[in-house]
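# Topology and contacts: notes
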Amino acid sequence: GAVVSQHPSRVICKSGTSVKIECRSLDFQATTMFWYRQFPKQSLMLMATSNEGSKATYEQGVEKDKFLINHASLTLSTLTVTSAHPEDSSFYICSARGARRGGHTGELFFGEGSRLTVL
Amino acid sequence: GESVGLHLPTLSVQEGDNSIINCAYSNSASDYFIWYKQESGKGPQFIIDIRSNMDKRQGQRVTVLLNKTVKHLSLQIAATQPGDSAVYFCAESYFFSGTYKYIFGTGTRLKVLA
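Fair warning: this is a prediction, and the values are worked out from it, not measured in the lab.

## Let's talk about the sheet that holds strand 3 (residues 19-25) of chain A
Residues and elements named next belong to chain A. Strands sit in the order 1-3-8-7 across an open sheet of four strands; the sheet is antiparallel. Strands at the two margins of the open sheet, each flanked by one partner only, are strand 1 (4-7) and strand 7 (67-73). Here the average twist between neighbouring strands, direction ignored, is 15°. As judged from the six bridges shared by strand 3 and strand 8 (residues 76-81), these two strands associate in the antiparallel manner. Looking across to strand 8, one finds that Ile21 is bridged to Leu79.

## Points about the interface of chain B and chain A
Chain B puts 27 residues into the contact, and the matching count from chain A is 26 residues. Our count for the contact surface shared by chain B and chain A stands at one salt bridge. For the pair chain B and chain A, the interface holds seven residue pairs in polar contact (both at pLDDT 80 or more). Those elements that place two or more of their residues in the side of chain B that touches chain A are strand 3 (32-38), strand 4 (45-51) and strand 9 (99-104) of chain B. A per-element tally of the side of chain B that touches chain A places strand 9 of chain B first, with six residues. Residue classes in the side of chain B that touches chain A are distributed as twelve nonpolar, nine polar and six charged.

## Quick word on unusual backbone geometry
Residues and elements named next belong to chain A. Note the cis peptide between His7 and Pro8, where omega equals 0°. Looking at where Pro8 falls in the secondary structure, it is placed in the loop between strand 1 and strand 2 (10-13). The residue Lys41 is not glycine, and still its phi comes out positive at about 60°. Take Lys41: it is sitting in the loop between strand 4 (32-38) and strand 5 (44-51). A residue is classified by how much of its surface remains accessible, and Lys41, at 64% relative accessible area, is exposed.

## Observations regarding the nonpolar core
Residues and elements named next belong to chain A. Val4, Phe67 and Leu116 are the most contacted members of the largest nonpolar core, which totals 28 residues. Elements with a minimum of two residues in this core: strand 2, strand 3, strand 4, strand 5, strand 7, strand 8, strand 9 (90-97) and strand 11 (114-118). Excluding anything up to four places from it in sequence, Phe67 contacts Arg37, Met47, Tyr58, Val62, Leu79, Thr80, Val81, Asp88 and Tyr92.

## A closer look at the side chain of Ser95(A)
Note on placement: Ser95(A) falls in strand 9. In this structure Ser95(A) comes out as buried when scored by relative accessible area, which is 0%.

## What about the sheet that holds strand 6 (residues 62-67) of chain B?
Residue and element names in this part refer to chain B. Pairing within the open sheet is antiparallel, and its four strands lie in the order 2-7-6-5. Unpaired on one side and paired on the other, strand 2 (19-24) and strand 5 (56-58) mark the two borders of the sheet. On average, adjacent strands in this sheet sit at an angle of 15° to one another, irrespective of strand direction. Relative to strand 7 (residues 72-77), strand 2 is paired through six bridges, and the arrangement is antiparallel. Paired with Asn22 across the bridge in strand 7 is Ser74.

## A short note on the side chain of Lys101(B)
Position of Lys101(B) relative to the elements: it lies in strand 9. Here Lys101(B) falls in the buried class, since its relative accessible area comes to 8%.

## Notes on the state of the cysteines
Summed over the entire model, instances satisfying the criterion amount to two disulfides over all chains. One disulfide in the model links Cys23(A) with Cys94(A); its S-S distance is 2.0 Å. Judged by the torsion about the S-S bond (80°), the Cys23(A)/Cys94(A) disulfide is right-handed. Within this pair, whereas Cys23(A) is found in strand 3, its partner Cys94(A) is found in strand 9, the two being separated by 71 residues in sequence. Linked covalently through their sulfurs, Cys23(B) and Cys90(B) form a disulfide whose S-S length is 1.6 Å. With Cys23(B) in strand 2 and Cys90(B) in strand 8 (residues 86-96), the pair connects residues that are 67 residues apart, well separated along the chain.

What counts and what doesn't
- Within any chain, residue numbers begin from 1 and follow the written order of that chain's sequence.
- As they are written, the chains are lettered A onward and the ligands numbered 1 onward, keeping that order.
- Note on the predicted model: pLDDT of at least 70 is required for a residue's local features to be given, and 80 or more for side-chain atom pairs to be given and counted; whole-chain, interface and lining totals, by contrast, use all residues.
- Only heavy atoms go into the side-chain values, all of them from the structure, while hydrogens and water stay out.
- Strand pairing requires that DSSP identify at least two bridges connecting the strands.
- Think of it this way: any DSSP run of H or I at least four residues long counts as a helix, any run of E at least two long counts as a strand, and we number them from the N terminus.
- To get an axis, a line is fitted to the C-alpha atoms, and for a helix only the part in contact is used. The angle between two axes follows their N-to-C directions and goes from 0 to 180 degrees.
- The contact criterion used throughout is that any non-hydrogen atoms of two residues lie within 4.5 Å.
- Salt bridge criterion: a side-chain nitrogen from Lys or Arg within 4 Å of a carboxyl oxygen from Asp or Glu.
- Identification of polar contacts relies on pairs of N or O atoms within 3.5 Å, with a donor-acceptor requirement for protein atoms, meaning one able to donate a hydrogen and the other able to accept it, and with residues adjacent in sequence counted only if both atoms are side-chain atoms.
- When residues are sorted by character, Ala, Val, Leu, Ile, Met, Phe, Trp, Tyr, Cys and Pro go into the nonpolar class, Asp, Glu, Lys and Arg into the charged class, and all the rest, Gly among them, into the polar class.
- To sort residues, take the accessible area from a 1.4 Å probe on protein chains only and compare it with the maximum for the residue type: under 20% means buried, over 50% means exposed, and anything in between is partly exposed.
- Among the buried residues, those of types Ala, Val, Leu, Ile, Met, Phe, Trp, Tyr and Cys that are joined through side-chain atoms within 4.5 Å form a nonpolar core.
- For the purposes of this analysis, a disulfide is any pair of cysteine sulfur atoms at a distance within 2.5 Å.

Here it is in structure tokens:
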């Protein structure tokens, strides 16, 4: 089964509203989580890196006030798209890195992604 | 954010043939590399990884080759099957500002022809 759970998988919202996406590591403690954005037929673009208990590190060009990231526990990170607009419509994917039983650190585990459509 | 490329190149192979997907990475400090498979509407799925102290690693039907001299990574899929049709991404990882970063390549769409 999936080791990283992302919810919701699809969300449609009105322009100006905020949307929260959750990312949970199910069977390991994720010291670091990453949020990516993916446009159709394009690669994954790293938005930010979050370490548990500290502020997220955003990539150049990503608005931290627009995309609020919280990593309050070792198993949960959330991405909130604030005052969403149609141009924020995209596929958002979280991933988690951490020691896994029987595995090794370094491997990234991905959620199934959340498709956001802003009307 | 960091990303590479705007268009997905496509590789078409006959079912049963071997596939080779190539990737050029950018950071000579990268010490860990991963290949992912992504099906439409889903998150990336881990295929195989390799550390920079190796130049080849084999899995089930897949082999990853690493050439650090030219910063090149390849994924070989033996006896390609219809279920292998997907987009394949390489990712490079390096330590920066106290954390590991994972940067994805452009991606290649693999189409398996019956």
